[in-house]
Amino acid sequence: MTLNPPTAHTLTRATVHRSGPITTLVTVQGWYTEQLLAPVRTEILLEVTGRSRADLAGSCLWVMARLDATTPAGLALYGWPPDEPAAPGHAEAALLGGGADMWAGTLAITVPATRWAA
């Protein structure tokens, strides 16, 4: 009997922070409040995006991930769609404007961080 069975993969956003020749480091929205970096093979992202390695930094990409993972390997990232439309549950974020890609708050109280929030 498994006490904590893994959840299914969820479509979520990954943000590229550093892109090296072999490994690219990304944060995954919804995983450890985007405080931990997960490694991804750079060649995968170059193939999916069609960009150069220098252009990857700061890019937001969609990916399927297991958000209950306790390690980067447990995320089991796959399915990097090149230009996926807004993910389910993120439709309202597109309406908020320039700050819609950033979130502020705790796990219990999360609000979009926009110029009108303060």
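All residue numbers refer to positions counted from 1 along the written sequence of the respective chain. Only residues with pLDDT of at least 70 get local features here, since the model is predicted, and only at 80 or more are side-chain atom pairs given and counted; chain-wide, interface and lining totals rely on the full set of residues. No hydrogens and no water enter the side-chain calculation; it runs on all heavy atoms of the structure.

### With respect to the nonpolar core
To qualify as a nonpolar core, a set must consist of buried Ala, Val, Leu, Ile, Met, Phe, Trp, Tyr and Cys residues joined through side-chain atoms within 4.5 Å. The rule is simple: take the accessible area with a 1.4 Å probe, protein chains only, and divide by the maximum for that residue type; under 20% is buried, over 50% is exposed, in between is partly exposed. If you look at the biggest cluster of nonpolar residues, it comprises 15 residues, and the most contacted ones within it are Val16, Val26, Val28, Trp31, Leu45, Leu75 and Trp80. Secondary structure elements with two or more residues in this core: strand S1 (10–19), strand S2 (23–28), strand S3 (38–41) and strand S4 (60–65). A run of H or I in DSSP becomes a helix once it reaches four residues, and a run of E becomes a strand once it reaches two; helices and strands are each numbered from the N terminus. It is S4 that provides the largest number of residues to this core, a total of 3 residues. Contacts of Val26, omitting those with residues within four sequence positions, involve Ala14, Thr15, Val16, His17, Leu36, Leu37, Ala38 and Val40. For this analysis, residues touch if any pair of their heavy atoms sits within 4.5 Å.

### Considerations on the sheet that holds S4
Strand pairing requires that DSSP identify at least two bridges connecting the strands. Reading across from one edge, S3-S2-S1-S4 is the order of the 4 strands in this open sheet, with antiparallel pairing throughout. Either end of the sheet is taken by a strand with one partner, and the two such strands are S3 and S4. In this sheet, neighbouring strand axes are inclined to one another by 50° on average, regardless of whether the strands run parallel or antiparallel. Taken strand by strand, helix H1 (residues 42–49) contacts S1, S2, S3 and S4, and its axis lies near 65° from that of S3. The angle between two axes is taken between their N-to-C directions and runs from 0 to 180 degrees, where each axis is a line fitted to C-alpha atoms and a helix contributes only its stretch in contact.

### Remarks on the environment of Thr12
Along the chain, the position of Thr12 falls in strand S1. By relative accessible area, which is 4% here, Thr12 ends up buried. Once the C-alpha coordinates of Thr12 and Trp31 are considered, the two residues, 19 residues apart in sequence, prove to be 9.5 Å apart. Residues in contact with Thr12, not counting those within four places in the same chain, are Val28, Gln29, Leu61, Trp62, Val63, Ala65 and Leu67. Any pair of nitrogen or oxygen atoms within 3.5 Å is treated as a polar contact; in protein, a donor-acceptor pairing is required on top of that, and neighbouring residues in sequence qualify only through side-chain atoms on both sides. A polar side-chain atom of Thr12 sits 2.7 Å from the main-chain carbonyl oxygen of Gln29.

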